[in-house]
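Here is what each chain is made of, one letter per residue.
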Amino acid sequence: MATGRTHRPATRSRGIPEATVARLPLYLRALTALSERSVPTVSSEELAAAAGVNSAKLRKDFSYLGSYGTRGVGYDVEYLVYQISRELGLTQDWPVVIVGIGNLGAALANYGGFASRGFRVAALIDADPAMAGKPVAGIPVQHTDDLEKIIDENGVSIGVIATPAGAAQQVCERLVAAGVTSILNFAPTVLSVPDGVDVRKVDLSIELQILAFHEQRKAGEEAAAEAVAAASAETEKGPDGDVPAVMPA
């Protein structure tokens, strides 16, 4: 099986927009669920609803893949699973290293979804000498002193950083120098990388803060609505109480 170092996905060379690329995993997740239920075909409306997008956007996205479905039948589920998996580069083996095996790193190592989605955790790396040799998810942790050797021996092009913020940039630079060209960053900091290196940032605190903003806004809207309702109720009352709905002639 080929490794990630020898092949890059063809999405950019084929001119697929980044917004479409970002939605392909959503479609794949919905399609995989349908496949597991042995559903043979799916309409654009059903698949769009399952993926959380509108059907017009879905059809536009699929047109970039050269997949248009069949009128009255819909899309072939198994073929779309293959087509999207191929476009995302998931029909091959992508060895991944996780650097930083604290609580988050260990949780990522124990995540069972990597293997079924085309990724193989090739190594776990940590700076703590006391962690060296300890198995996490059945994989012995290795020391950061061996990072470059590990990257080279496993042909790794994707690295996951789950270190504290202060260590993340240095780890990033070592990964890049060793040949890693894609990084998933869980550290709460912005990484500086050279051209040709892709970084995806996952910051749970930022996502929670965004949710807090929306909760605060909803609470404010509810309070405003209650205030309007109360004011409206007051205006319907006269000095002697409620004004009747129909005034006498």
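All of these numbers come straight from a predicted model, not from anything done at the bench. (Residues numbered from 1 in each chain as written. Predicted model: local features only at pLDDT ≥ 70, side-chain atom pairs only at ≥ 80, totals over all residues. Heavy atoms only, no water.)

Draft legend 1. Spatial organisation of the pairing of strand β3 (residues 94-99). Taking burial as the measure, the six residues of β3 include six buried ones, the bulk of the element. On β3, burial covers both faces: Trp 94, Val 96 and Ile 98 on one face and Pro 95, Val 97 and Val 99 on the other are all buried. Note that β3 and strand β4 (residues 119-126) share six bridges and pair parallel. Across the sheet, the residue bridging to Val 97 is Ala 123, located in β4. Both β3 and strand β7 (residues 158-161) contribute to a ladder of four bridges, which runs parallel. Bridge pairing in β7 places Val 99 opposite Ile 161. (Buried < 20%, exposed > 50% of the residue type's maximum accessible area, 1.4 Å probe, protein only. Helix = DSSP H or I, 4+ residues; strand = E, 2+ residues; numbered from the N terminus. Pairing = 2+ DSSP bridges.)

Draft legend 2. A look at the layout of surface pockets. In this structure, the second largest pocket spans a volume of roughly 170 Å³. What lines the second largest pocket is simply Val 99, Gly 100, Asp 126, Ala 127, Thr 144, Thr 163, Pro 164, Ala 167, Gln 170, Val 171 and Arg 174. Looking at the lining of the second largest pocket residue by residue, the classes come out as five nonpolar, four polar and two charged. (1 Å grid on protein atoms, 1.4 Å probe; cavity = no way out; pocket = protein on both sides within 12 Å on 5 of 7 lines; lining within 4 Å. Points joined across faces, edges and corners; volume = space filled by probe spheres on them. Nonpolar A, V, L, I, M, F, W, Y, C, P; charged D, E, K, R; others polar.)

Draft legend 3. Up close: the pattern of salt bridges. On inspection of all chains with the given rule, the structure shows six salt bridges. Among the salt bridges present, the one from Arg 59 reaches Glu 45, with a minimum N-O distance of 3.6 Å. You can see Arg 59 sitting in helix α3 (residues 55-64) and its partner Glu 45 sitting in helix α2 (residues 44-51), a full 14 residues away along the chain. Judged by its relative accessible area of 37%, Arg 59 falls in the partly exposed class. Overall, the relative accessible area of 48% leaves Glu 45 in the partly exposed class. (Salt bridge = Lys/Arg side-chain N within 4 Å of Asp/Glu carboxyl O.)

Draft legend 4. Molecular detail of the packing of aromatic side chains. Scanning the entire structure with this criterion turns up three aromatic pairs. With a centroid separation of 5.1 Å and 85 degrees between ring planes, the pair formed by Phe 62 and Tyr 75 is classed as edge-to-face. Of this pair, Phe 62 sits in helix α3 while Tyr 75 sits in strand β2 (residues 75-76); the two residues are 13 residues apart in sequence, bridging distant segments of the chain. A residue is classified by how much of its surface remains accessible, and Tyr 75, at 5% relative accessible area, is buried. Relative to Phe 114, the ring of Tyr 111 has its centre 5.1 Å away and its plane inclined at 85 degrees; by these criteria the two rings are edge-to-face. The exposure class of Tyr 111 is partly exposed, given its relative accessible area of 44%. (Phe/Tyr/Trp six-rings, centres within 6.5 Å; stacked < 30°, edge-to-face > 60°.)

Draft legend 5. View of helix α4 (residues 77-88). With 12 residues, α4 should reach 16 Å at 1.5 Å per residue; the first-to-last C-alpha distance of 16 Å fits that figure. Among the residues making up α4, those that are buried are Val 77, Leu 80, Val 81, Gln 83, Ile 84, Ser 85, Glu 87 and Leu 88. Against the buried residues of α4 lie α1 (18-36), β1 (41-42), α2, α3 and β2. The opening residue of α4, the one whose side-chain oxygen lies 3.2 Å from the backbone nitrogen of Glu 78, is Asp 76. (Expected span 1.5 Å × (residues − 1). Contact = heavy atoms within 4.5 Å. Polar contact = N/O pair within 3.5 Å; in protein donor to acceptor, adjacent residues only side chain to side chain.)

Draft legend 6. A look at the nonpolar core. In terms of nonpolar packing, the biggest core is built from 23 residues, with Tyr 27, Leu 31, Val 42, Leu 47, Leu 58, Phe 62 and Ile 84 touching the most fellow members. Of all the secondary-structure elements, those providing two or more residues to this core are α1, α2, α3 and α4. For this core, the element with the most residues is α1, which contributes seven residues. In this structure Phe 62 touches Tyr 27, Leu 47, Ser 67, Tyr 75, Leu 80 and Ile 84, once residues within four positions along its chain are discounted. Of all hydrophobic cores here, the second largest spans 21 residues; its members include Leu 175, Ile 183, Ala 187 and Leu 191. (Core = buried A, V, L, I, M, F, W, Y, C linked by side-chain atoms within 4.5 Å.)

Draft legend 7. Focus on the packing of helix α7 (residues 147-154) against helix α8 (residues 165-178). Two elements in contact, α7 and α8, have axes separated by 9 Å at closest approach and are oriented at 40 degrees. Classified by the angle between their axes, α7 and α8 sit oblique to one another. Both α7 and α8 take part in a crossing whose hand is right-handed. Residues Leu 147, Glu 148 and Ile 151 of α7 touch α8, and the partners they reach there are Arg 174, Leu 175 and Ala 178. (Axes fitted to C-alpha atoms, helices over the stretch in contact; angles between N-to-C directions. Parallel < 35°, antiparallel > 145°, perpendicular 65-115°, else oblique. Left-handed = near helix turned anticlockwise from the far one by under 90°.)

Draft legend 8. Representation of the environment of Ser 43 in the model. Among the secondary structure elements, Ser 43 is positioned in the loop between β1 and α2. Under the relative-accessibility criterion, Ser 43 is labelled partly exposed at 22%. Counting along the chain gives 33 residues from Ser 43 to Asp 76, while the straight-line C-alpha distance between them is 9.1 Å.

Note that all results are geometric; they support no functional claim without further evidence.
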